[in-house]
Amino acid sequence: MIKNKWKVAFVILAVTVVIAVIALFISLRSILPEAEEVPYTESERTNEQGLVEIHSTKAQLNELILEATSEFQEETPYTVELLSDTVEFQSTFRLLGQSIPITINFDPEVAANGDLLLQADSLSFGFLTIPSEQAMQLVKSHTELPDWIVVHPSESLIEVQLTNARFDDLYSFRVIDFDLARDEIQVEMFINRD
């Protein structure tokens, strides 16, 4: 008789834990933002010749990214790092009073017009797996990014619009080659005449 009481108690406990986990998952899903439908549209490449052609490595570009991102980290700190074949974004988000780490790995691709496209490849949100669209919406909603970095949550895509960025209101850039596996990054620099 005592054996059966322990079995019943164990089954009740197991069912309660499963229900609690399901309820937690459902409540977290309702708290996370829905992905905005902002589709990426490809721009044409200009025929303008670059003023200077720049060759770089991952290590050099990581130093530049670290310096540049430090300006845009007032509310939510984040890091962006070029790895062996992916671009990794790391940050933390406050959810239900807890800091939850998020890591997104991107596959880089050069767009026809010379911008850089970062397609979400893998992601982790604490110990949970959430849809990449919602993770990208969190990045868009809670991370202060320069206006030339456009997040397209519904496509799990970040568009780095170097061709529209103005550095010192004088220079802009166009990516020619972005091959992390070979450690070859090639960019053209332009002087803006407008």
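Bear in mind the structure is a predicted one, so any value in this text is a computation, not a measurement. One numbering rule holds for all chains: residues counted from 1, following each sequence as written. A pLDDT threshold of at least 70 governs which residues receive local features in this predicted model, and a stricter bar of 80 or more applies before side-chain atom pairs are shown or counted, although totals over entire chains, interfaces and linings include all residues. Where side-chain values are given, they derive from all heavy atoms of the structure, hydrogens and water being excluded.

Draft legend 1. Inspection of unusual backbone geometry at higher detail. At Ser-156, a position not held by glycine, the phi torsion is positive, near 50°. You can see Ser-156 is positioned in the loop between strand S6 (149–152) and strand S7 (157–160). Relative accessible area decides the class of each residue, using a 1.4 Å probe on protein chains only: under 20% of the type maximum gives buried, over 50% gives exposed, and in between gives partly exposed. The class of Ser-156 is buried, set by a relative accessible area of 5%. A positive phi is found at Asp-183, a non-glycine position, where the angle reads about 60°. Helix and strand assignments follow DSSP, with helices taken as H or I runs no shorter than four residues and strands as E runs no shorter than two, numbered in order from the N terminus. If you trace the backbone, Asp-183 turns up in the loop between strand S8 (171–179) and strand S9 (184–191).

Draft legend 2. A look at the confidence of the model for the protein chain. The predictor rates its confidence in each residue with pLDDT, a number between 0 and 100. Model confidence for the protein chain is summarised by a mean pLDDT of 79, while 80% of its residues fall at 70 or above. The least confident element of the protein chain is helix H1 (residues 2–31), whose mean pLDDT is 71; the most confident is S7, at 90.

Draft legend 3. How the structure looks around the pattern of salt bridges. By definition, a salt bridge exists where a carboxyl oxygen of Asp or Glu is found within 4 Å of a side-chain nitrogen of Lys or Arg. All told, the structure shown has 4 salt bridges when counted by the stated rule. Linking Glu-184 and Arg-182 is a salt bridge whose minimum nitrogen-to-oxygen distance equals 3.5 Å. The partly exposed category is assigned to Arg-182, whose relative accessible area is 46%. Linked by salt bridges that have partners in common, Asp-177, Asp-179, Arg-182 and Glu-184 make up one network.

Draft legend 4. Here's a closer look at the sheet that holds strand S3 (residues 87–95). A pair of strands counts as paired when DSSP detects no fewer than two bridges linking them. Strand order across the open sheet formed by 6 strands is S2-S3-S4-S5-S7-S6, with antiparallel pairing between neighbours. Looking at the sheet topology across the chains shown, the edges are occupied by strand S2 (78–82) and S6. If you compare each strand with its neighbour and ignore which way they point, the axes differ by 25° on average. Across 4 bridges, the pairing between strand S5 (residues 116–125) and S7 is antiparallel. In the strand pairing of S7, Gln-119 is matched with Leu-157. Lying on the sheet, helix H3 (residues 132–142) is in contact with S3, strand S4 (98–110), S5, S6 and S7; it crosses S4 at an angle near 105°. Throughout, an axis means a line fitted to C-alpha atoms (over the contacting stretch in the case of helices), and angles, computed between N-to-C directions, take values from 0 to 180 degrees. Throughout, a residue-residue contact means that at least one pair of heavy atoms, one from each residue, lies within 4.5 Å.

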